Amino acid sequence: MSLAQVHYTSAAPGDEGTAGRFTAVGPGVSGALLAEIEPLVRYELPGGVPERPSDGELRSLPQAFGYFALSDGSRLVARSAPVRDTGGTGAGVRFHAHAVHLPPGVPLPGDRLPVEAWRSPHWVAVTPGGATPDPLALPPGPAAVSEGLDDFAVSRGPWLAAVLADLRRASDAEAAGRPVALVERQCADVARWLGLASVTLPRESAERLTFTTYTRRPGSSASRVVGVLPEDAGAARAAGLRVHACAGPAPAGGTEDVWATTAARVWRSRSPELFREARELPGEPFAAGPLAVTALCAGIALGPDGRAAAAGWAADRPYALDAQRTGRLVEAIASPGIDDRTAAEFDAAGRLFGALEGRCPASVTAPLAAMLVTEAVRGGNGSLELPRRDAFAGPEGAEVAERLGPEILTELADTAGSRSVARTVQLLRVARLLGVDGTDSLPGVVDRLAPALLAEASVAQEGPPGFAPALLELLDEQFEVRTALLGALDRIAPQDPGAVARFLKRVALPFTGTQALPHLRMCAEVPEAMATLGGDRAAVWHRVLRAAGLSPFAEPLVLRTAVGLVWEDRAPTVEEARLLLDAATSDSHRVAGTWARLVDAALSTSAAGTSATGTSATGTSATGTDEAARLAHDLLRGFPGEIGGRERAGLLLLDLVRELRTGAPEPGWAERVRTLCAQAEPVEPALRERAHAALVERLLAPDRPGAELYDFVHGADAELIAAYDRTARTASVRSRLRTQPAYAADCFTVWTAHPHAGRAWPPVAAALLDDVLRPAVRGMSAEDVAEVEATVGRTGSSGRADAFRDWNRSSTLGRLGRRIAGRVRRG
């Protein structure tokens, strides 16, 4: 069909108030469209043009060649060019615009792209005669747009990838990004950029790419791509366009768009035919994989991102390439001359190997396998997906094993460096793949690997540590490694069973076979036991111990593991410690080292106390302390050579408390209490208080030896005397004083017997006489008071009986005097 054409000419000199006029309009172009077309075809001369340019200067002025989308869905291809003004003096410059209107869905003749019309010889600079312009003729074939593009692409190498990436975004129908400004000194070079885009982009994308090769006002242009001269680059930046200054110095950075980077390499290799070939492969239009595969198969070197894209695409579509191209791709990816591979590229190559293995001959995949294991050994990439063992069965595998085997064994045997778990696991797996015999070094390797597992897992985030998948694969692949490693973990579990239990909770090691592994089985059992039995630690301990499958008499270390699992961060209670002590012999506890936990239990229980089921004569809670004291007695008897230092002094102090309350301790109670408290420093305050309480309870008893009381009083220990004072003022002592005249007589004798025994005792004794004994005697009957007086005389002397009468009379007189004084005041 014949396309409607439009001609527009700028206003002649003297036509003030008009910018120009349409001189010819083809059929079907409405007035509304002309109003929309007019600003698109206007032309503005660049700055600095002479008023009367020469013919050469006129020819060097830029031409605006554009492709525009109109509001009704139609499109416009136009050229606006400066021409000499033949009217008037004939020396001025005007412009003439020639445009072709494309109705919706109608292509250019020959189904050509708009940019292919920029070299057409049928663009005219004058309005043709007749009512209708002649149809536009285009140059035959694609040579008109592709000729010289290779040279141009090479000359624009530094900008090529970034510009192609932006042109791709500009052609996206959904894109709402900024327009692209191409800064060139010649508008023809802008057209060449668009020619590059027309070859590189799919046709539907190229058809959406509206453009103009020249404008003085880039901020108001309706095109997605605009060409500007260097003098107008600042205006483009100010308008927010994505500016590529292709006429200036080479840019410093590049682009992360892998498709654009690969396309740039194809252009620099002068192989534009590969774009069409790549579009025949499956994949998204701008996926880097198909183009990268095509380029690599054609021998074009790509960077690591391009190679990774190719490997990833081929791994997802292992049947998309024929055998010849698959071989070329593998050779390009595994080329020994490449030294810039990245972890992402190795991961993609590993996936490619996995996709091709079994589908291609081993001779095809062998280079990939060799590259992967070489990287695993020399590059330290612990995340690689390694090939299967049969990939190295041929001569290629023998060559790789001969090259890498000594390196693997040397590193595994190195005890000086710190090697991560992932690295050790990787080396062990590669050694097996290559058939490298590491039997001699295996014991040392697993002895270092086992504690490293616990250390790395303890600092990892929640969930399985990063090395867990590779570790489990290693244990599944190599029985001898699994046996040795589980044995090493079982040996170190008694030292830190809590850490092993936490590790097993995050990494489910396979130890369900015939190995005994009592400690690992206990560590694996404890979480479920804790969840099921809750706070009953004794029940948890029994269940965990049963999981070991060994008696503590046969293997004492299971005691240590069980105690460490159940009471990891605390001491057992005295009842729990008694259970542990009775569960095995002292020899078993001595070998396991658990006797120290029992000591902690005795000492901490004595300090913290337990709920009492009874009280002593002075009201002090004694049940918890008495249980701890009995435990202390048994511990001192069972582990005489192991317990020493402050722990031994603390247990002896507890044992003395037991003897003071229930037996007949050796003489020198007060001195022993003072000595043991000093040896047990820092002694828990509660333990010190209970020892003092047990001592003063005995000293307040009527049957205490006088020598002990004398030593106590003359020892001048202010802290002990204060404890005596506190106990003497308790309700139980006061009640006994009121109801037992003999006890009251004994206390009077004691509290008056040593008036000059240092500085601490006399004021305490005097206060007890006035504050404790006097109220008790005051509340007695006359018969009881007489009995107190008689008892004082019998146990002391007549002088002491007289002293009691005087002391008691002063109390009575004092009461009588107070009564008389009160009556006088009332009168």
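Analysis parameters
Per-chain numbering applies: the sequence of each chain, read as written, is numbered from 1 onward. Thresholds applied to this predicted model are a pLDDT of at least 70 for local features of residues and 80 or more for the giving and counting of side-chain atom pairs; totals over whole chains, interfaces and linings are not thresholded and use all residues. With hydrogens and water set aside, each side-chain value is computed from the structure's full complement of heavy atoms. Elements are defined by DSSP. Helices are runs of H or I of four residues or more, strands are runs of E of two residues or more, and each kind is numbered from the N terminus. Only C-alpha atoms enter the radius of gyration, while the globule expectation follows 2.2 Å times N to the 0.38, with N the number of residues. For the exposure calls, accessible area comes from a 1.4 Å probe over protein chains only, and a residue counts as buried if that area is under 20% of its type's maximum, exposed if over 50%, partly exposed in between. We call two residues contacting when some pair of their heavy atoms lies within 4.5 Å. Only buried Ala, Val, Leu, Ile, Met, Phe, Trp, Tyr and Cys residues count toward a nonpolar core, and they belong to the same one when joined by side-chain atoms within 4.5 Å. In predicted models, pLDDT denotes the confidence assigned by the predictor to each residue on a 0 to 100 scale. Every case where a carboxyl oxygen of Asp or Glu lies within 4 Å of a side-chain nitrogen of Lys or Arg is listed as a salt bridge. To estimate the expected span of a helix, count its residues, drop one, and scale the result by 1.5 Å. Two rings from Phe, Tyr or Trp (for Trp, the six-membered ring) form a pair when their centres are within 6.5 Å of each other. A pair whose planes differ by under 30 degrees is stacked, one over 60 is edge-to-face, and the rest are tilted. Note on criteria: charge over ring means Lys NZ or Arg CZ within 6 Å of the ring centre, with the direction from the centre no more than 35 degrees off the ring normal.

### Describing the overall build of the protein
Of the regular secondary structure elements, the protein holds 38 helices and 9 strands. For a compact globule of 827 residues, the expected C-alpha radius of gyration is about 28 Å, and the protein comes in at 51 Å, more than 25% above that figure. Principal-axis analysis of the C-alpha atoms places the extent of the protein at approximately 160 × 95 × 40 Å. Expressed as a percentage of its 827 residues, the buried residues of the protein come to 48%. Here the analysis covers contacts within the protein between residues at least 6 apart in sequence; of these, 69% occur between residues at least 24 apart.

### Section: the nonpolar core
General note: in soluble globular proteins, nonpolar side chains tend to be found buried as a group. Membership of the largest hydrophobic core comes to 221 residues, with the highest contact counts inside it found for L471 and W751. With near-sequence residues (within four places) excluded, W751 lies in contact with Y724, A728, L737, W761, A765, L768, L769, V772 and L773. Residues L33, F95, A99 and Y214 belong to the second largest nonpolar core, which totals 22 residues.

### Some thoughts on the confidence of the model for the protein
Across the protein, pLDDT averages 85, with 90% of residues at or above 70. Predicted confidence is poor over residues 607-621, with pLDDT under 50, and the contacts of this stretch with residues over four places away or in other chains come to 29 contacts. Note on residues 813-827: pLDDT is under 50 here. Beyond four places in sequence and across chains, it has 2 contacts.

### Thoughts on the pattern of salt bridges
Summed over all chains, the structure comprises 48 salt bridges. Between E671 and R674 there is a salt bridge whose closest N-O contact spans 2.8 Å. Within this pair, E671 and its partner R674 are both found in helix α30 (residues 669-679), separated by 3 residues, close to a single helical turn. On the basis of relative accessible area, E671 is assigned to the partly exposed category, the value being 45%. Between E681 and R688 there is a salt bridge, with its nearest N and O atoms 2.5 Å apart. In this structure E681 comes out as partly exposed when scored by relative accessible area, which is 39%. Looking at R688, the relative accessible area reads 17%, which means it is buried. When salt bridges with common partners are traced through the structure, they connect R156, E184, D189 and R192 into a single cluster.

### A look at helix α6 (residues 187-200)
Between its first and last C-alpha atoms α6 spans 20 Å; for 14 residues at 1.5 Å apiece the expected length is 20 Å, and the two agree. When you tally the buried positions in α6, you get 11 out of 14 residues, the bulk of the element. Taken as a whole, α6 has its buried residues at C187, D189, V190, A191, W193, L194, G195, L196, A197, S198 and T200.

### So, the packing of aromatic side chains
Any aromatic ring pair is given by two values, namely how distant the centres are and how the planes are angled relative to each other. Applying the stated criterion across every chain, the model contains 17 aromatic pairs. On the numbers, 6.0 Å between centres and 40° between planes, the contact of Y43 with F95 is tilted. Here F95 lies in strand β5 (residues 93-102) and Y43 lies in the loop between α1 (31-41) and α2 (55-60), a separation of 52 residues in the sequence. Overall, F95 belongs to the buried group, its relative accessible area being 6%. Seen from their ring centres, W259 and F286 are 5.1 Å apart, and the 90° between their planes marks the pair as edge-to-face. In this pair, W259 is assigned in helix α9 (residues 258-268) and F286 in the loop between α10 (273-279) and α11 (288-297), connecting sequence segments 27 residues apart. Note on F286: relative accessible area 23%, which makes it partly exposed. Linked through ring pairs, Y8, F22, Y43, F95 and Y214 together constitute an aromatic cluster. Here R168 stacks its cationic end above the ring of F286, 5.4 Å away from the centre of that ring. The positively charged end of R736 is found above the aromatic ring belonging to Y743, 4.8 Å away from the centroid.

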